[in-house]
Amino acid sequence: MAAMEIEMTKTKIHPLEEVLQKKIVIIDGAMGTTIRTYGMKEADIRGERFKDAPKDLLNNGDIFSLTQEKMIGDIHRRFLEAGADIIETNTFGATSIAQSEFFVEDPREHGGRKDPEFYQGVIEDKFLGDLAWEINEQSARQCREWADRVANATGVQRFVAGAVGPLTVSLSNSPDADDPGFRVVTFDQVKTAYKQQVRGLIAGGVDTLLVETIFDSLNAKAALVAIREVFEEDKLELPVQISAAVGRGGETMISAQTVEAFWTAMKHVRPLSIGLNCSLGPDLMYPFLEELAEKSDVAVSAYPNAGLPNPLSETGFDLKPADMGKFLGDFGRGGLINIAGGCCGNTPEHIAAIAKALEGVEPRAFGRIEVGA
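In this text the structure is predicted, and so the values were computed from the model without any measurement.

## Structural notes on the overall build of the protein chain
Inference 1: Each helix and strand in the protein chain was counted, giving 15 helices and 8 strands.
Inference 2: On C-alpha atoms alone, the protein chain measures out to a radius of gyration of 20 Å, which is about the 21 Å that the 2.2 N^0.38 rule sets for 373 residues.
Inference 3: Viewed in the frame of its principal axes, the protein chain has a C-alpha envelope of about 60 × 55 × 40 Å.
Inference 4: A separation threshold of at least 6 residues defines the contact pool for the protein chain, and within that pool the share at least 24 residues apart is 78%.
Inference 5: Per element, the accessible surface of the protein chain, about 16000 Å² overall, is 52% carbon and sulfur.

As structure tokens, this is what we get:
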């Protein structure tokens, strides 16, 4: 009986956490930035399948996972060969709500407005629902295939993070200055869209779920509630990672939480990691990351933009690979991080420089996270 009780109290430690305890883990760079280097045009993203779509699709990068699978696979391969331990699915905007921007007529063009009734129609739209599911499942499968292929070739395990991005709508703020109580969408609608995305990612074989580029903490809460409900309803469990975008004052954009408040609002989830991404260049991010590393007792991630936007730059951002290597190397030597990579403007060459700069640097110490207890 005693032996049985001991066995029942054992907890599973996810393989990624085991790696995090040993080294600074590298996450990949910017899918959109890297796609840009392939010179894709509107006809390329449409393919035969979406040739008659009424709106421009070129900014809908998630669709490339369906129409340019070889290119997306090549990008995953390049990031992995650059040293990425984690690659993200190409699903930043793969919810029915986000996809509606490209496939549903905007009522504002005819004197109307987007509101909960409009988004209820989006949630119930079979085409959008099926499309969101397919993007998530297929992108996850593509990631899984390349992660496993490179892992088998190198003998180094690689991981797939299901990217759960922000939306083009906010639960925290009203878009109408004359009606501050108005919201274009409801919490339940956002949650429903995220549940569909999460199930598609899991079906495709992701290792973790990464709620990233959080600028509205209430939207993120809806995503996290969606994840928890899927876990409970489907009787499964995966590690959850969380990453916010912050402004120059260290606030989470629309919801304006400080870094400490953000951690306080999210720590009950017991994520595998919490961190900062996108938003600022690495130099401007440093003090806010330092605060998060001090307050948090889980792994900390950082994958900033390659500096500030510059339309004249080849990648659209100022910092070169050597610059990102220097800054992220400083993060590591400062004891701030467990996961490092790059967001907008970061190509495989940037990730290779970051990986090289952090080689042999000790990871930040953090507590043990129990998954599937």
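Here the narrative resumes, following the displayed structure.
## Considering the nonpolar core
Inference 1: Membership of the largest hydrophobic core comes to 93 residues, with the highest contact counts inside it found for Ile-97, Phe-103, Leu-289 and Ile-337.
Inference 2: Once you skip the residues sitting within four places of it in the chain, Leu-289 turns out to touch Leu-276, Val-300, Ser-301, Ala-302, Phe-331, Leu-336 and Ile-337.
Inference 3: Of all hydrophobic cores here, the second largest spans 15 residues; its members include Leu-16, Leu-272, Tyr-303 and Ile-339.

## Looking at the pairing of strand 7 (residues 299-304)
Inference 1: Counting buried residues along strand 7, 6 of its 6 residues qualify, which places the element largely inside the surrounding structure.
Inference 2: Direction of pairing for strand 6 (residues 273-278) relative to strand 7: parallel, over a ladder of 6 bridges. For Cys-278, the partnering residue across the bridge sits in strand 7 and is Pro-304.
Inference 3: The parallel pair strand 6 and strand 7, bridged by helix 13 (residues 282-295), forms a crossover whose chirality is right-handed.
Inference 4: With 2 bridges connecting them, strand 7 and strand 8 (residues 339-340) associate as parallel partners.

## A few points about the packing of aromatic side chains
The way to describe two aromatic rings as a pair is by their centre distance and the angle between their planes.
Inference 1: A full pass over the atoms with the stated rule returns 4 aromatic pairs.
Inference 2: Here the aromatic cluster, defined as three or more aromatic residues joined through ring pairs, consists of Phe-50, Phe-103 and Phe-127.
Inference 3: When the ring centre of Phe-327 is taken as reference, the NZ or CZ atom of Lys-326 above it lies at 5.1 Å.

## Brief notes about the pattern of salt bridges
Inference 1: Scanning the entire structure with this criterion turns up 25 salt bridges.
Inference 2: In this structure, the salt-bridge partner of Asp-207 is Arg-144, at a minimum N-O distance of 2.8 Å. Linking Asp-207 in the loop between helix 10 (187-204) and strand 4 (208-214) with Arg-144 in helix 9 (residues 126-154), this pair joins segments that are 63 residues apart in sequence. Side by side, Asp-207 and Arg-144 carry an identical accessibility label, which is buried.

## Quick notes on the state of the cysteines
Inference 1: Counted under the stated rule, the structure contains 0 disulfides.
Inference 2: Counting only cysteine sulfurs, Cys-344 is the nearest neighbor of Cys-278, a cysteine outside any disulfide, at a range of 3.9 Å.
Inference 3: Using a relative accessible area of 14% as the deciding quantity, one classes Cys-278 as buried.

## Let's talk about the packing of helix 13 against helix 14 (residues 321-333)
In a packed pair of helices, the relevant descriptors are the angle between the two axes and the axis-to-axis distance.
Inference 1: Helix 14 packs onto helix 13 with a crossing angle of 10 degrees between their chain directions and a minimal axis gap of 10 Å. Regarding the angle of helix 13 to helix 14, the classification is roughly parallel. Counting all contacts with helix 13, which are made through Pro-282, Asp-283, Tyr-286 and Leu-289, the residues of helix 14 involved are Met-324, Phe-327, Leu-328, Asp-330 and Phe-331.
Inference 2: Partitioned by chemical class, the residues of the contact of helix 13 with helix 14 number 7 nonpolar, no polar and 2 charged.

## Regarding the sheet that holds strand 5 (residues 240-244)
Inference 1: In space, the 8 strands of this open sheet follow the order 1-8-7-6-5-4-3-2, with parallel pairing throughout. Each edge of the open sheet carries a strand with a single partner, namely strand 1 (25-26) and strand 2 (86-88).
Inference 2: Against the sheet, helix 11 (residues 217-234) engages strand 3 (159-164), strand 4 and strand 5, with an angle of about 170 degrees to strand 4.

## Remarks on helix 13
Two residues of an α-helix separated by three or four positions point the same way, owing to the 3.6 residues in each turn.
Inference 1: The terminal C-alpha atoms of helix 13, which comprises 14 residues, lie 19 Å apart, in line with the 20 Å expected from a rise of 1.5 Å per residue.
Inference 2: For helix 13, the principal kink sits at Phe-288 and spans about 30 degrees.
Inference 3: Among the residues of helix 13, those classed as buried are Pro-282, Met-285, Phe-288, Leu-289, Leu-292 and Ala-293.
Inference 4: Where helix 13 is buried, its residues contact helix 12 (259-266), strand 6, strand 7 and helix 14.

Procedures and definitions
- Residues numbered from 1 in each chain as written.
- Predicted model: local features only at pLDDT ≥ 70, side-chain atom pairs only at ≥ 80, totals over all residues.
- Heavy atoms only, no water.
- Helix = DSSP H or I, 4+ residues; strand = E, 2+ residues; numbered from the N terminus.
- Rg over C-alpha atoms; globule rule 2.2 N^0.38 Å.
- Contact = heavy atoms within 4.5 Å.
- Areas by Shrake-Rupley, 256 points an atom, 1.4 Å probe, with all protein chains shown as cover.
- Core = buried A, V, L, I, M, F, W, Y, C linked by side-chain atoms within 4.5 Å.
- Buried < 20%, exposed > 50% of the residue type's maximum accessible area, 1.4 Å probe, protein only.
- Pairing = 2+ DSSP bridges.
- Right-handed = clockwise from strand over helix to strand, strands pointing away.
- Phe/Tyr/Trp six-rings, centres within 6.5 Å; stacked < 30°, edge-to-face > 60°.
- Lys NZ or Arg CZ within 6 Å of the ring centre and 35° of its normal.
- Salt bridge = Lys/Arg side-chain N within 4 Å of Asp/Glu carboxyl O.
- Disulfide = S-S within 2.5 Å.
- Axes fitted to C-alpha atoms, helices over the stretch in contact; angles between N-to-C directions.
- Parallel < 35°, antiparallel > 145°, perpendicular 65-115°, else oblique.
- Nonpolar A, V, L, I, M, F, W, Y, C, P; charged D, E, K, R; others polar.
- Expected span 1.5 Å × (residues − 1).
- Bend = angle between axes of the 7 residues up to and from the residue.

Honestly, that's just the spatial picture; any functional story needs more than this.
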